[in-house]
Amino acid sequence: MTALDRVRTPRRRSVPKRLVAGAVLTILLVVLALVSLVWTPQPTSGIRILLKLQPPLSSGLLGTDQLGRDVFSLLMAGAANSFAIAAAAVALGGTLGTVTGLLAAIRGGWTETLTMRGCDVLFAFPPILSAMLLGVVLGPGRPTAVVAIAAFMVPVFARVARASGARILALDYILAARCAGKGAARIAAEHVLPNIAGDLLVQATLQLGLAILAEAGLSFLGLGPTPPAPSWGRMLADARTYVQLAPWLAIAPGAAVALAVLGLNLLGDGLRDRFDPRLRGRT
Amino acid sequence: MQPIRRRRLPTLLAAAFAVLALSTAGAAAKDGVVIAMGIEPAGLDPTIAAPAAIGQVTWQNVFEGLTRIDRDGKVRPQLAEAWDIATDGKTYTFHLRSGVRFHNGVAFDAATAKFTLDRARGEKSTNPQKQFFETIERIEAPDAQTLVLSLKQPTGNLLYWLGWPTAVMLEPSSAEDDRTHPIGTGPFVFDGWRQGVSVDLKRNEAYWDAARRPQLSSATFRFIADAQAQAAAVQSGEVDAVPEFGAPELFASFKDDPRLETVVGDTELKVVAGLNLRKPPLDDVRVRQALMMAIDRQVVIEGAWSGFGTPIGSHYTPNDPGYVDLTGRLAYDPAKARALLAEAGHADGLDLTIKVPQMTYATRSAEVLQALLAEVGVRLTIVPTEFPAKWIDEVFKRHDFDMTIVAHAEPLDIGIYARPDYYFGYRNPQFDRVLGEAEAATDTARRLELYGEAQRMLADDVPALYLFVMPKLGVWKAGLKGLWANEPIPSNDLTEVRWDD
Amino acid sequence: MLLRRLIGLLLTLLAVSLLLFLVMNLLPGDPAAVMLGTSARPDTLAAMREAMGLDRPLPVRFVVWLGGVLTGDFGTSITYGTPVAELIRDRAAVTLPLAGLAILLSILIALPLGLVSAARRGRRADAVAGLFAQLGLALPNFWIGLLLVLVFASELHWLPSGGFPGWSAGLGPALSALVLPTVALALPQAAVLTRVTRAALLDTLAEDFVRTARAKGLTRREALLRHALPNAMVPILTILGLQFSFLVAGAVLVENVFDLPGLGRLVYQALLQRDAVVVQGTVLCFTALVVVVNFLVDLAYLRFDPRLRAAS
């Protein structure tokens, strides 16, 4: 930011707003998801054929689906499912990616070239296709969704970890640590990781949003968790032929996905502003 | 969530495109027809691969058989105008029509018929119904118009089987290319296949059967997988007919449209939840009967197929000759089901998995079954199993399953329960005997009586939970006549289709 | 540098094709069984496998396939019986225009929005553009597709809700079938692009040469258009390149929603039928497309950024 700009730009109030809005939205959905584990307004399994396709407010807050299940209850349980898969995928992809990226940064040379080229190959392969192939090998279900989503996150985290890691590794005190005889693993754990944790956290938050989108897409194609576990993507897929008859069935789950992703993105942007003031207000 | 707010720019854009779209609507000529199908055939030769869609495009339109099956499921002469059956039921002498030519000009005669049947039963045959031809011991063509089949044993169904898509007559020099460029003797000539989009047919101006010359000059089969898109296409007039509409929940919306005619018919698709009798707990007939009594078929039909469909109590449809209504045999009675489960030692309930293909009818039915069985303490785990590849591998070949659910498409296929290695694992010598007698019986009344007996055995032994027959939900433009209302065999016979002015 | 990238590109494609071949041929499920369905018998299965050429050993099949691909022959589909190259060509005639139109539309939306929000940073216009970007990132493209169908096809009957009449049906019907899918595919892309454009513009605005230009008396707007925009093209192109593989993935979903006979549906269907030759050919083309696009983006860098040219 330059002095010139600072004069012209009004004081920015929106930064904390974004963070707060994102945090509130995310916390709200996480709380709903957690509550669904012990209580939902109506049971999410069990069918009530006589109550099928009731419009919103006439039966439950958001009406019922083609089997007479309460849509709001399904959305709550779907939130738990979405967040669980997204979190697992980010944890898996993030860990693998970070380790790979750090390894590349510390070792350099051939290791670096090879891992980064490997990331390029992974990146070039359209993620949805690898997910479809995985779905065939493992069969649809939670593990498939988690692995498929994690797979396309590995290169993302690897790149972030390598870039940020390389920045830290160039600093003098790392040289000092090396001279003191510390091994690569210790240097990575004691000096590099804590310093790039912020970057990784920001990336993880943003990737969580992407993971929720990806989970919805996979479930939409029938590669997500299996019934009776409710899933936003599968609800959308089921709703397709009911669009005219019962539009709420198509609108509600999509809105849920959108809110969850919006919350996480706002949160991620807000966190980035905090951790990296250089980028403040840029994105 | 608010619906999309319309702004000016998109409105204008959309309006511009609407004009483009409108200019093409209703362009279908009155002597041609566009038929929408949900599944694109894999190849166009029904004698070398199983998918029903192949016959639904080519059978009776491009290809014809020695006999044909009509809209009521009855066997009629076609390329064989008559036949004599020896008194021992083991020799069939067919008198073939003269003056029949294939679309490439080659004449049809006894030699071509012999070639076709030999190809179907030969060593290299990939005919999906090869067992139909196993009964044939010897084929002779004493002259161009006579074909003599000598059988190993009397086979009451032979004439019926010869009417199937898998037994259509091919021309030797073009047979290898039939999968991409079919050449038959039928009323329509193949006119092109745009993979993923459509197959075009045009009228065979030299068709041999003067009495049944088609009135349509051309026909197009459009492949539209998504039911929503099928609905839109028939409503906008882009297609003239959807003989087998894929989404029952949308079907009601056609009823109010005066431009459209809706017809609910029967198919041969029996939706059954197959059980694995090879291993506990489903080797116990009490458990199987309890499961059957836990199922309210009407709820299944309502939940899975919006109330369209006919409940069945055995592996037989109301279309089929000799049908017996057995839905009352093990009628819905959850209390009795619980008691029977307890008697079988499962008072604390039971855990089962069901392997479910991705087709809508299967996934929805499975969810309903899951809920219904939970009521009697059976915890059903749904395992999505990709169809056909994985399902065939795991369920059909390796018998690795507890329960599964598929629609059996083949007409009159009760005989699968007598096959030794079929996936249910049903072994009942008495059933095999009854069925063997039925298939050999040349007297119709006796045969139907035996089929009735076979149906009852299945209803009592429950090798599968018999759920419902898929309806044939037909929707087409008012004024289009001659399409089949029922589907005694998967088909779209266009011979008699015409526009009524 | 360029040569090394080119060799890397070829190696990537070779790795992908080997991987693909192995995966496809080791998948559970036998294509012969798929074609014969529930009436398959051991003898017809064996005959079918022979007819499909599946009785030959794996390495032989790989070499034959790869040799064919190198000479432009992608083999014959075991389900359709037609050459894979033809299938891909026909389907690409749907997917490529769809992807191209979506990129075009997303640029048409994103560049002006990015410019406005950079020019009027912190004001209301910036906030509105920011909101659009946030929403665009959060909405699943297949859901946008469903909503578009609900409004423009089911309610207003302005546009077809799906299906593709083919280019032979005329430009009008074909294009109108692509309108809704294009919008559904373009909106999320436009959102990403808007953010990147804005950030890139603000970045370059802060650089010395722009400040020099301002000092010479250019207005902020002139500086933005004449100096900042051309220089902001590098990051914008990068993102376009990176997003391309997401665009392809999105096309698979969107083709599914709108029932378009494109490459995505072809792959999906071929996978279900275990038509390995078709899956291999199509995915290889997909990957090649992504890799080549990224390569072209690299080339474009050199063109737009003289500093990089000097470095290479």
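Residues numbered from 1 in each chain as written. Chains lettered and ligands numbered in written order. Predicted model: local features only at pLDDT ≥ 70, side-chain atom pairs only at ≥ 80, totals over all residues. Heavy atoms only, no water.

**Let's talk about unusual backbone geometry**
Looking along the chain, the bond that leaves B:Pro280 and enters B:Pro281 is cis, with omega of 0°. In this structure, B:Pro281 sits in the loop between strand E12 (260–274) and helix H7 (285–293). The amide bond that connects B:Phe387 to the next residue, B:Pro388, takes the cis arrangement and shows omega of 0°. The residue B:Pro388 is located in the loop between strand E15 (378–384) and helix H11 (389–397) in this model. The phi torsion at A:Leu53 lies on the positive side, around 55°, for a residue other than glycine. The phi dihedral of B:Ser306 falls on the positive side, at around 50°, and the residue is not glycine. (Helix = DSSP H or I, 4+ residues; strand = E, 2+ residues; numbered from the N terminus.)

**So, the interface of chain A and chain B**
Between chain A and chain B, the residue contacts involve 23 residues of the former and 20 residues of the latter. Between chain A and chain B lies a buried interface of about 2,000 Å² when both sides are counted; carbon and sulfur atoms form 57% of it. Of all residues in chain A, the largest losses of buried area upon contact with chain B belong to A:Pro227, A:Thr241 and A:Gln244, amounting jointly to 25% of the total for that side. Our enumeration of links across chain A and chain B arrives at 3 salt bridges. Where B:Asp226 meets A:Arg240, a salt bridge forms, and the shortest distance between an N and an O atom there is 3.0 Å. Across the chain A-chain B interface, the total number found is 4 residue pairs in polar contact (both at pLDDT 80 or more). (Contact = heavy atoms within 4.5 Å. Buried area = accessible area lost by both parts, 1.4 Å probe. Salt bridge = Lys/Arg side-chain N within 4 Å of Asp/Glu carboxyl O. Polar contact = N/O pair within 3.5 Å; in protein donor to acceptor, adjacent residues only side chain to side chain.)

**A few points about the sheet that holds E15(B)**
Sheets are built from strands paired through backbone hydrogen bonds, the pairs being either parallel or antiparallel. Residue and element names in this part refer to chain B. Pairing in this open sheet of 3 strands is parallel, and the strands run E15-E14-E16 from one edge to the other. Both outer strands of the open sheet, E15 and strand E16 (403–404), are each paired with one neighbouring strand and no more. Pairing of strand E14 (residues 350–356) with E15, which is carried by 7 bridges, proceeds in the parallel orientation. The residue bridging Leu350 from the neighbouring strand is Val378, located in E15. (Pairing = 2+ DSSP bridges.)

**As for the interface of chain B and chain C**
If you look at the interface, chain B gives 57 residues, while chain C gives 56 residues. Between chain B and chain C, a total of about 4,300 Å² is buried, with carbon and sulfur atoms accounting for 62% of that surface. At the junction of chain B with chain C, the criterion picks out 4 salt bridges. A salt bridge links C:Asp43 to B:Lys130; its shortest N-O distance comes to 2.7 Å. Among the elements of the structure, helix H1 (8–24), strand E8 (188–194), helix H5 (227–236) and H11 of chain B are those that each provide at least two residues to the side of chain B that touches chain C. In terms of residue count, H1(B) provides more of the side of chain B that touches chain C than any other element does, 8 residues in total. By residue class, the composition of the side of chain B that touches chain C is 28 nonpolar, 13 polar and 16 charged. (Nonpolar A, V, L, I, M, F, W, Y, C, P; charged D, E, K, R; others polar.)

**Considering the nonpolar core**
By size, the foremost hydrophobic cluster in this structure holds 310 residues, and its most contacted members are B:Leu149, B:Phe245, B:Leu369, B:Met403, B:Tyr417 and B:Leu465. The contacts of B:Leu465, once residues within four sequence positions are left out, are B:Val271, B:Val272, B:Ala273, B:Leu275, B:Arg288, B:Leu291, B:Met292, B:Ile295 and B:Met403. The next biggest cluster of nonpolar side chains, apart from the first, holds 18 residues, and it includes C:Leu115, C:Val196, C:Leu201 and C:Ile236. (Core = buried A, V, L, I, M, F, W, Y, C linked by side-chain atoms within 4.5 Å. Buried < 20%, exposed > 50% of the residue type's maximum accessible area, 1.4 Å probe, protein only.)

**What about helix H6 (residues 142–169) of chain A?**
With 28 residues, H6(A) extends 38 Å from end C-alpha to end C-alpha; this agrees with the ideal 40 Å at 1.5 Å per step. Of all the bends in H6(A), the greatest, near 30°, is centred on A:Met153, and the proline A:Pro155 appears no more than four residues after it. (Expected span 1.5 Å × (residues − 1). Bend = angle between axes of the 7 residues up to and from the residue.)

**Some remarks on the packing of aromatic side chains**
Tallying each qualifying case throughout the model produces 35 aromatic pairs over all chains. An aromatic cluster is present here, built from B:Phe387, B:Trp391, B:Phe396, B:Phe401, B:Tyr417, B:Tyr422, B:Tyr423, B:Phe424, B:Tyr426, B:Phe431 and B:Tyr466 joined pairwise through their rings. (Phe/Tyr/Trp six-rings, centres within 6.5 Å; stacked < 30°, edge-to-face > 60°.)

**Considering the packing of helix H3 (residues 71–107) of chain A against helix H8 (residues 184–220) of chain A**
Residue and element names in this part refer to chain A. In the contact formed by H3 and H8, the axes pass within 8 Å of each other and the chain directions differ by 145°. Remark: the crossing between H3 and H8 carries right-handed chirality. For the pair formed by H3 and H8, the contact residues are Asn81, Ser82, Phe83, Ile85, Ala86, Ala87, Val90, Thr98, Leu102 and Ile106 on the first element and Ala184, Ala188, Val192, Leu193, Ile196, Leu200, Ala204, Gln207, Leu208, Ala211, Ile212 and Glu215 on the second. For the contact of H3 with H8, the per-class residue count stands at 17 nonpolar, 4 polar and 1 charged. (Axes fitted to C-alpha atoms, helices over the stretch in contact; angles between N-to-C directions. Left-handed = near helix turned anticlockwise from the far one by under 90°.)

**Some thoughts on the pairing of strand E10 (residues 218–223) of chain B**
Residues and elements named next belong to chain B. Most of E10 is tucked away: 5 of the 6 residues are buried. Sheet topology places strand E1 (residues 32–37) next to E10; 6 bridges connect them, and they run parallel. Bridged to Met37 within E10 is Phe223. In this structure, strand E9 (residues 198–203) lies alongside E10, joined through 5 bridges in antiparallel fashion. Residue pairing for E10: Val199 is matched across the bridge by Phe221.

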